[in-house]
Amino acid sequence: MLQIIPENIFDSFQTIASELDADIQVLSEFSTILTLQNKSTEGEIRLLQIFSGVYAILFDLSVKEKITFTLKTTDSAVISCLYHRSGKVSHKSDFNIEYNKIEILQNIIIANNTEQNDHLIFEGDRLVQLNMIIMVEDLLVNTEDKEIDIFKSSIYKLFTELHQRQSYRYFGQIRAQVLEQLEFLIENRGTDTLSLMMNKAATLMLLARQFFFQEQFANNSDITIPLKRTEIEKIAALKEYIVAHLGHQITINKLIEISGLNSKKIRSGFRYLFNSTPQDYTTKLRIKKAVELLDTTDKNISEISYEIGFSNRSYFSSLFQKYIGMLPKQYRSSDKIKNSLYQLSYKSVAKPGITQADIDDILNSSYRNNGDRIVTGCLIYDFKEFFQILEGKKEDVLFIYQKIKEDSRHLDIKVLQQDLTEERYFTNFSMANLNAVGNTKIEQLLTIYKYHSNDINRTSKKNTSDFWVAIKKLLLTI
Ligand SMILES: Cc1cc2nc3c(=O)[nH]c(=O)nc-3n(C[C@H](O)[C@H](O)[C@H](O)COP(=O)(O)O)c2cc1C
């Protein structure tokens, strides 16, 4: 049985690791990662201590066979906030016989001070992304942490209020403002002091927002859920539609047509879920996309403005300035972007009939050109496909990548990840020729990575960076 024991959470993770046959990586006293790579489960579970008595658990697992995690009750009162982002998960408490399906974007709050345990069932065959913030009253009481004095008194208030009822369970929707902080926690993988501080800030913000809404909810004031659950799902689907069609004209009539909801419902749904009007929300997504394109491509500003659905470049520039505080041109030429480190990973298929002489030629150009521009990285070729990472100053990486893209010795080039980064993984340009090396561990890593990289939903920044970091470690031992 996989038991999460809030009072002893790090120890319970050691047990979970051995039961799931996971690799356990204790990064610091505040952070542990379980990595799973077995037949039934793949991915990771991260446990972070935010403050003493406040923990975040971040599940990112591809589950092929059903597994159940039990949230054990202990002597101390515990409040757990669950945020479900993808996959098939059900919930059941010892109270109920029935399992309740947890919907995507659902938020559950469990406040326990009874003997009842809660069970989370990860059904097979899906990528499960589920996050939890767990607060343990006794550990908060005992902490000397001055930093959290103010926070503590608000949390006590919550404990008192929620626990007036024997056990409290709230089922609602994850609000946009909470999701924002959650995404920050998920993306921030740093273990340095600054990253820990930012995690603390994000969690405080998350909880403040969570319980601010909760209070409004409990007092039944202005905020009542304006829509039925099926309607909320339609609004969430509209968001997906907008993200996929930023380059098209998105009118309220189009949204009405797609969702079948009337404009009043659409507006109140957007207000409820995203705290915006549909138009405002679309603009924000467009500007966010523009920032990403400015950061990660060398497309010019007219191209970008067109790509995200603005026919008028100067209108785009003025909106960009309004949201970001500078013009797109200024943003692109800012030193931050120009001088910071940049990584780009792609995969491609080797042209049929490629020879060893071709590979030697590629390597020679790489050593010469990459050396001149201080572009480091790694190229993996397994006689079928290439996997490459390039890292260096953004303009240098894009310059080299432009040449590679035009090379006829490979086809089907697919960028897996491109982003600003803080450190290089490789100190020089190296090439791992897998079959020649015959290193089964690299072959295993490559097999898993190929599996991820064939599915756009799985090719995350995390998978890619984990893969290259693991390759780097292995190369050092060869
Ligand atoms: C899979 C693959 C990876 C490559 N990687 C690099 C590289 O990292 N650096 C590089 O300069 N050229 C690389 N090339 C070769 C370039 O496409 C191009 O032939 C080369 O940069 C031309 O160099 P030159 O202009 O100095 O003759 C690669 C080609 C392929 C097919």
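Just above, that's the structure.
Calculation rules
Residues numbered from 1 in each chain as written. Predicted model: local features only at pLDDT ≥ 70, side-chain atom pairs only at ≥ 80, totals over all residues. Heavy atoms only, no water. Near = heavy atom within 4 Å. Polar contact = N/O pair within 3.5 Å; in protein donor to acceptor, adjacent residues only side chain to side chain. Areas by Shrake-Rupley, 256 points an atom, 1.4 Å probe, with all protein chains shown as cover. Helix = DSSP H or I, 4+ residues; strand = E, 2+ residues; numbered from the N terminus. Nonpolar A, V, L, I, M, F, W, Y, C, P; charged D, E, K, R; others polar. Salt bridge = Lys/Arg side-chain N within 4 Å of Asp/Glu carboxyl O. Buried < 20%, exposed > 50% of the residue type's maximum accessible area, 1.4 Å probe, protein only. Phe/Tyr/Trp six-rings, centres within 6.5 Å; stacked < 30°, edge-to-face > 60°. Axes fitted to C-alpha atoms, helices over the stretch in contact; angles between N-to-C directions. Parallel < 35°, antiparallel > 145°, perpendicular 65-115°, else oblique. Contact = heavy atoms within 4.5 Å.

Undergrad: Which parts of the structure should I look at to understand the site of the ligand?
TA: Residues in contact with the ligand amount to 17 residues; listed here are only the nearest, Arg 368, Asn 369, Asn 370, Lys 403 and Asp 407. In the environment of the ligand, an oxygen atom lies 2.8 Å from a nitrogen or oxygen atom belonging to the side chain of Arg 368. Side-chain polar atom of Lys 403 to an oxygen atom of the ligand: 2.8 Å apart, as the coordinates give it. Computed on the free molecule, the ligand has an accessible area of 620 Å², of which 82% lies beneath the protein chains in the complex. Taken together, the elements giving at least two residues each to the shell around the ligand come down to α14 (356–373), β16 (385–393) and α15 (394–405). Residue contributions to the shell around the ligand peak at six residues, all from α14. In terms of residue class, the shell around the ligand is built from seven nonpolar, six polar and four charged.

Undergrad: Explain the pattern of salt bridges here, please?
TA: When the charged atoms of two side chains lie near each other, side chains of opposite charge can form a pair. All told, the structure shown has 14 salt bridges when counted by the stated rule. One salt bridge in this structure joins Arg 409 and Asp 361, with 2.8 Å as the shortest N-O distance. Taken as a pair, Arg 409 in the loop between α15 and β17 (410–421) and Asp 361 in helix α14 lie far apart in primary sequence, 48 residues in all. Classification of Arg 409 by relative accessible area gives buried; the value is 17%. Note on Asp 361: relative accessible area 39%, which makes it partly exposed. The salt bridge partner of Asp 407 is Arg 409, with a shortest N-O separation of 2.7 Å. For Asp 407, a relative accessible area of 21% gives the class partly exposed. Taken together, the shared-partner salt bridges connect Lys 347, Asp 382, Glu 385 and Lys 450 into one network.

Undergrad: How should I be thinking about the packing of aromatic side chains in this particular structure?
TA: Each aromatic ring pair is characterised by the separation of its centres together with the angle its planes make. The tally for this structure, following the rule as stated, stands at 17 aromatic pairs. Note on Phe 270 and Tyr 281: the rings are 5.9 Å apart at their centroids and 70° apart in plane angle, and the pair reads as edge-to-face. Taken together, the residues Phe 270 in helix α8 (residues 263–274) and Tyr 281 in helix α9 (residues 278–296) connect sequence positions 11 residues apart. Taken as a pair, Phe 270 and Tyr 281 share a single burial class, namely buried. Pairwise contacts between aromatic rings join Phe 310, Tyr 315, Phe 316, Phe 320 and Tyr 331 into one cluster.

Undergrad: Just to check I follow, could you spell out the packing of helix α7 (residues 252–259) against α8 for this structure?
TA: In the contact formed by α7 and α8, the axes pass within 10 Å of each other and the chain directions differ by 95°. Taken together, the axes of α7 and α8 lie roughly perpendicular to each other. Of α8, the residues touching α7 (which contributes Ile 252, Leu 255, Ile 256 and Ser 259) are Ser 263, Ile 266 and Arg 267. Across the contact of α7 with α8, the residue classes break down as four nonpolar, two polar and one charged.

Undergrad: Would you mind showing me how to read the environment of Lys 441 here?
TA: Its location among the elements puts Lys 441 in helix α17 (residues 440–453). Here Lys 441 falls in the partly exposed class, since its relative accessible area comes to 42%. Measuring from C-alpha to C-alpha, the distance between Lys 441 and Ile 471 comes to 9.2 Å, with 30 residues separating the pair along the chain.

Undergrad: Help me understand the side chain of Ser 348, please; the structure alone is not making it clear to me.
TA: Tracing the sequence through the fold places Ser 348 in strand β14 (residues 341–350). Accessibility expressed as a relative area gives 0% for Ser 348, which makes it buried. A distance of 2.8 Å separates a polar atom in the side chain of Ser 348 from a polar atom in the side chain of His 410. In contact with Ser 348, not counting residues within four places along its chain, are Glu 385, Phe 386, His 410, Leu 411, Asp 412 and Ile 413.

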